[in-house]
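# Structure assessment
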Number of protein chains: 4
Amino acid sequence: MSAPSARRSRPSARRERSEKARAALFEAAARVVGRHGYAGASVARITAAARMAQGSFYTYFPSRQALLDELLPKLGEEMLAHIAAAVSGAGDEIAREERRFRAFFEFLQRRPAFFRILHEAEFFAPRGFRRHIENIAADYRRALDRARARGALAHFTEAEVEPLVFLLMAARSYTSMRYAYAPGGKVRPPPEELVSAYLKLLRQGLDPPAASAES
Amino acid sequence: MSAPSARRSRPSARRERSEKARAALFEAAARVVGRHGYAGASVARITAAARMAQGSFYTYFPSRQALLDELLPKLGEEMLAHIAAAVSGAGDEIAREERRFRAFFEFLQRRPAFFRILHEAEFFAPRGFRRHIENIAADYRRALDRARARGALAHFTEAEVEPLVFLLMAARSYTSMRYAYAPGGKVRPPPEELVSAYLKLLRQGLDPPAASAES
Amino acid sequence: MSAPSARRSRPSARRERSEKARAALFEAAARVVGRHGYAGASVARITAAARMAQGSFYTYFPSRQALLDELLPKLGEEMLAHIAAAVSGAGDEIAREERRFRAFFEFLQRRPAFFRILHEAEFFAPRGFRRHIENIAADYRRALDRARARGALAHFTEAEVEPLVFLLMAARSYTSMRYAYAPGGKVRPPPEELVSAYLKLLRQGLDPPAASAES
Amino acid sequence: MSAPSARRSRPSARRERSEKARAALFEAAARVVGRHGYAGASVARITAAARMAQGSFYTYFPSRQALLDELLPKLGEEMLAHIAAAVSGAGDEIAREERRFRAFFEFLQRRPAFFRILHEAEFFAPRGFRRHIENIAADYRRALDRARARGALAHFTEAEVEPLVFLLMAARSYTSMRYAYAPGGKVRPPPEELVSAYLKLLRQGLDPPAASAES
DNA sequence: AATGAATGAGGATTCATTCAT
DNA sequence: TATGAATGAATCCTCATTCAT
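Residues numbered from 1 in each chain as written. Chains lettered and ligands numbered in written order. Predicted model: local features only at pLDDT ≥ 70, side-chain atom pairs only at ≥ 80, totals over all residues. Heavy atoms only, no water.

### Re helix H9 (residues 158-179) of chain C
Put simply, the test is: Note on conventions: DSSP H or I runs of at least 4 residues are helices, E runs of at least 2 residues are strands, and numbering of each starts at the N terminus. Every helix has an expected span of 1.5 Å times one less than the residues it contains. Relative accessibility decides the category of a residue: with a 1.4 Å probe and only protein chains considered, values under 20% of the type maximum give buried, values over 50% give exposed, and everything between is partly exposed.
For H9 of chain C, built from 22 residues, the straight-helix expectation of 32 Å at 1.5 Å per residue is met to within 8% by its first-to-last C-alpha distance of 32 Å. Counting buried residues along H9 of chain C, 17 of its 22 residues qualify, which places the element largely inside the surrounding structure.

### What to know about the protein's contact with DNA strand F
Put simply, the test is: It suffices for a single heavy atom of a residue to lie within 4 Å of a molecule or strand for the residue to be listed as near it. Contacts described as polar in this section are N or O atom pairs within 3.5 Å, which, within protein, must combine one atom able to donate a hydrogen with one able to accept it, while residues neighboring in sequence count only if both atoms come from side chains. Residues are sorted three ways: Asp, Glu, Lys and Arg are charged, Ala, Val, Leu, Ile, Met, Phe, Trp, Tyr, Cys and Pro are nonpolar, and all the rest, Gly among them, are polar.
Near DNA strand F lie 30 residues; those nearest to it are Arg14, Ser56 and Tyr60 of chain B, Ser56 of chain C together with Tyr58 of chain D. Taking the atoms of DNA strand F that fall within 4 Å of the protein, sugar and phosphate contribute 69% of them. Contacts to DNA strand F include Tyr60 of chain C, whose side-chain N or O atom sits 3.0 Å from a phosphate oxygen. Between Tyr58 of chain D and DNA strand F, the recorded distance is 2.9 Å, taken from a side-chain N or O atom to a phosphate oxygen. Each residue belonging to the surface near DNA strand F can be placed in one class, and the counts come to ten nonpolar, 14 polar and six charged.

### A look at the packing of aromatic side chains
To be explicit about the condition: Any Phe, Tyr or Trp ring, taking Trp's six-membered ring, that has another such ring centre within 6.5 Å forms a pair; planes under 30 degrees apart are called stacked, those over 60 apart edge-to-face, and the others tilted.
Considering all chains together, one arrives at 44 aromatic pairs over all chains under this definition. Look at Tyr179 of chain C and Phe166 of chain D: their rings are 5.8 Å apart centre to centre, the planes differ by 80°, and that puts the pair in the edge-to-face class. Of this pair, Tyr179 of chain C sits in helix H9 while Phe166 of chain D sits in helix H8 (residues 158-179), which puts the two residues in different chains. The class of Tyr179 of chain C is buried, set by a relative accessible area of 9%. You can call Phe166 of chain D buried: its relative accessible area is 5%. Ring centres of Phe104 of chain D and Phe105 of chain D lie 5.7 Å apart, and the angle between their planes is 90°; on these two criteria the pair is classed as edge-to-face. With relative accessibility at 2%, the residue Phe104 of chain D sits in the buried group.

### Thoughts on unusual backbone geometry
Although it is not a glycine, Leu153 of chain B adopts a positive phi angle of roughly 50°. As for its placement among the helices and strands, Leu153 of chain B is situated in the loop between helix H7 (126-149) and helix H8 (158-179). By relative accessible area, Leu153 of chain B is classed as buried at 0%. Not every positive phi belongs to a glycine, and Arg51 of chain C is a case in point at roughly 50°. Take Arg51 of chain C: it is sitting in the loop between helix H3 (43-49) and helix H4 (57-60).

### With respect to the packing of H7 of chain B against H8 of chain B
Helices that pack against each other are described as a pair by the angle of their axes relative to one another and the distance between those axes. Residues and elements named next belong to chain B. What counts, and what does not: To define axes, lines are fitted to C-alpha atoms, for helices over the stretch in contact only, and angles between the resulting N-to-C directions are given on a 0 to 180 degree scale. When describing relative orientation, an angle under 35 degrees is termed roughly parallel and one over 145 degrees roughly antiparallel, while 65 to 115 degrees is termed roughly perpendicular and anything else oblique. Each crossing is labelled by how the near helix is turned from the far one, with a counterclockwise turn of less than a right angle marking it left-handed and a clockwise turn marking it right-handed. Two residues qualify as a contact provided that any one of their heavy atoms is within 4.5 Å of a heavy atom in the partner residue.
Where H7 contacts H8, the two axes come as close as 9 Å, and the packing angle between them is 120°. It follows that H7 is oblique to H8 by the angle criterion. Crossing handedness for the pair H7 and H8: right-handed. Mapping the contact onto sequence places Ile133, Ile136, Ala137, Tyr140, Arg141, Leu144, Asp145 and Arg148 in H7 and Glu158, Val161, Glu162, Leu164, Val165, Phe166, Leu168, Met169 and Arg172 in H8. Tallied by class, residues from the contact of H7 with H8 come to eleven nonpolar, no polar and six charged.

### Here we look at the packing of helix H5 (residues 64-87) of chain A against helix H8 (residues 126-149) of chain A
Residue and element names in this part refer to chain A. Interhelical geometry of H5 versus H8 gives an angle of 20° and a closest axis separation of 7 Å. By the criterion of interaxial angle, the relationship of H5 to H8 is roughly parallel. The handedness of the crossing between H5 and H8 is right-handed. Side by side, H5 and H8 meet where Gln65, Asp69, Leu72, Pro73, Gly76, Met79 and Leu80 of the first sit next to Pro126, Arg127, Gly128, Phe129, Arg131, His132, Asn135, Ile136 and Asp139 of the second.

### Points about the domain arrangement of chain A
Residue and element names in this part refer to chain A. The condition is simple: Domain limits in this description derive from either an automatic procedure or a database domain assignment. By buried area we mean how much accessible surface two parts lose on assembly, using a 1.4 Å probe and totalling the loss over both. One speaks of a salt bridge when a side-chain nitrogen belonging to Lys or Arg is within 4 Å of a carboxyl oxygen belonging to Asp or Glu.
Taken as a whole, chain A is organised into domain 1 (10-61) and domain 2 (68-205). Once you take the C-alpha centre of each, domain 1 and domain 2 turn out to be 29 Å apart. At the junction of the two partners, domain 1 supplies 13 residues and domain 2 supplies 13 residues. Approximately 1,100 Å² of surface area, both sides summed, lies buried where domain 1 meets domain 2, with 69% of it carried by carbon and sulfur atoms. Among the residues domain 1 hides against domain 2, the three largest losses belong to Phe26, Ala30 and Tyr38. Together they make up 58% of the total. Inspection of the region where domain 1 meets domain 2 yields one salt bridge.

### Considerations on the interface of chain B and chain A
Opposite the 45 residues of chain B that make contact, chain A presents 47 residues. Contact with chain A buries surface across chain B, with His155, Tyr174 and Leu206 of chain B losing the most and accounting together for 18% of the total. Across the contact surface, chain B and chain A share four salt bridges. With a closest N to O distance of 3.1 Å, Glu162 of chain B and Arg178 of chain A form a salt bridge. Between chain B and chain A we count 18 residue pairs in polar contact (both at pLDDT 80 or more) in total. At the level of secondary structure, the elements contributing two or more residues to the side of chain B that touches chain A comprise helix H6 (112-124), H8 and helix H9 (192-204) of chain B. At 16 residues, H8 of chain B tops the list of elements feeding residues into the side of chain B that touches chain A. For the side of chain B that touches chain A, the per-class residue count stands at 26 nonpolar, nine polar and ten charged.

### Some thoughts on empty space enclosed by the protein
Just so we agree on the cut-off: Using a 1 Å grid laid over the protein atoms alone, points where a 1.4 Å probe fits but cannot get out form a cavity; open sets with protein on both sides within 12 Å along at least 5 of 7 lines form a pocket; any residue with an atom within 4 Å of a point counts as lining. Grid points are joined across faces, edges and corners, and a volume is the space filled by probe spheres set on the points.
Taken as a whole and judged by the stated rule, the model has five cavities of 30 Å³ or more. Approximately 430 Å³ is the volume attributed to the largest cavity. If you go around the largest cavity, you meet 31 residues; those closest to its centre are Tyr174 and Met177 of chain C together with Ser173, Tyr174 and Met177 of chain D. Elements represented by at least two residues in the lining of the largest cavity include exactly helix H7 (112-124), helix H8 (126-149) and H9 of chain C together with helix H6 (112-124), helix H7 (126-149) and H8 of chain D. Residues that form the lining of the largest cavity fall into these classes: 21 nonpolar, six polar and four charged. Put simply, the second largest cavity is a space of about 330 Å³. When grouped by side-chain class, the residues that make up the lining of the second largest cavity number 16 nonpolar, five polar and three charged.

In structure tokens, the structure reads:
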């Protein structure tokens, strides 16, 4: 009764359409979360933004949470790429960290939705958040390991590298909440005092060497 | 139109009972948020935990949000007191910061609910979160100003002190998410590597002075 | 164990205090209904306006509804008095009705709360509304009966007098909703066209006598 | 991205079912308001009467109020149609008004719920009430303008026509409260004395021409 | 595969009335 | 008698998910 090839298109074409729809949902979700937060990212809103029927959502994702949990890791990769590009070719490790720090804020500005997605994910998309943190931390870890191979960070033990990674991540993530976010979803560049304070901390610690020598 | 005081029970007795009920709601809310998060802290659950009728809630708080917003600042003061006690009498500024850092983690362990209350507040009780951050930052700020008066932190400019405050707050807050939280609401002490890495960073920065000189 | 006369004041003094409190609640209720409508006239608001504890309300009235039901009849008597004063000494029955009509609108302006109390009572205080209507109608009825005794309204049968009463009440009550109410609880005087149209209707009916003769 | 029409049931089938559900809610609401009043017309009751889940309500109406506000204008059009049919072909303007007056009461009897819906709407569905009043008044206005074009109502000025409209509306609306409503939601026909008194008023005013001349 | 209507549990809040003090 | 805290039923609305078409 049915004529298979006539009735439906080639499997690959189907696959393609499917991928497109998934991607559209992603895009829509990012926009919606950026504007309304995870809590406001109802399936209704997301599908509306993707110009799709509400029910169709469940063809592409098993649940609302599943999509939300993929959101951050996906954008996180963009962020990593952006930072990697910024770092390439910099001088000593602190110069490289400065590039990373600034690049992080640049990325926030370029992709303002990312700010909200990143910061809310911890509670609204915890699986996604963890995956993202692991991705970023692993990347950072590789960078610091290479730095150590080059002789830098010499006074930190092997076991201290991971904590160090989180301390550096802390610096940019936490301060971005304080210094980058402006009402209305706007994202500002970091004030220079923040960058310089950070760099001084990285170069010499809390106190100048002389002071530490005397103590 | 008003009656002599002998005619009805001391107003103070009522006041007292009232205070008790309010306090019970606070306690209950802290417990509930600790276990279920802010999102799960429905008025129904909170009043049930306080063994009280749902409607009674509104005798003590104008809204659910109002209570939730008071939660963190209140516990934050406890935290501040705990840290202040721990710091008193320590040596140089870095030793003091070590005490603060450790005391922060101690407090998390003593008051496991605080961990969740602190970290979720940013999104579920933003007013309370901001008040808390301001309280903590102001306190920190005073500490660093005193340190500078004693000659420490000499290479930071006046304008860099506030950023520095947030960098220090970042260190403990962000790493606690990674190192202190264990599933089931358990809170662990920080690994020694975290503390030592932090202290090295504060003493000498990323690279030992010699190394940085040579690079 | 008790010394009666020392402990409490004379019964009449008590009665007096009690009356005062009741009156205060009335006043308060009228104010509150005027501003917030019956629906917004919660016991809490009324007692607050009367500077009294919520619970005390039930010493003076068996229920919220009981007070609300007394409100309109009470104010209605004031209104009757006002209208009666205005009518006294006027000429023919239509001149008298003009006085009543205008006096009704004057009263609404003098007592703006009355407007709302009157119009909402039908649904929120139906017993009070019915009592009020009966009072007004009975008064009107007496006036028309006297008019008939003077030879006016000669073409109406005895049985048509009551309907007539309601037709006259209709005119002022219904048109006040349309022409007297202004947003913000303000009450305006009736436009002259309303009064003149009404009087023409009363003097000659819809069509001038000549016209009706010709038809 | 959209599918051929053969693939799923005709959209019209869905549309139809949807219309049916909306209509069912209307019907249910009219019944419920008729019996319990607007205040008792909870979404729970309405949906129960329409044999539908509570949540489904919001597929068809954005809010409870939105439905309630549509109720009266909708029924009002039915009423207008009923009255228009009754009036057609009557003689002079007063004969026509008699037809309208009687038709109004007939409609109340045919649709007993309308009585309550009409009278409570002023406070519980004010937007709907205003729309309804405007509809009715506009219709009336057209009728009187036509009458004037035919030479009737000659002694009223242009500016007095609108007030006149409201005086006529007043007559039927207000007296229906008194004469048509019976406990239990029953609606009675108007007593003949009401009709005759009304007509005498319209034909000759309060006093017969002779009497008024003599006074 | 796509649609969008249907579901129903769950949540915050209000308020008349009761009651212990 | 006066107080004001306590009660708990009732209400509107949201939304993830399911399901018939």
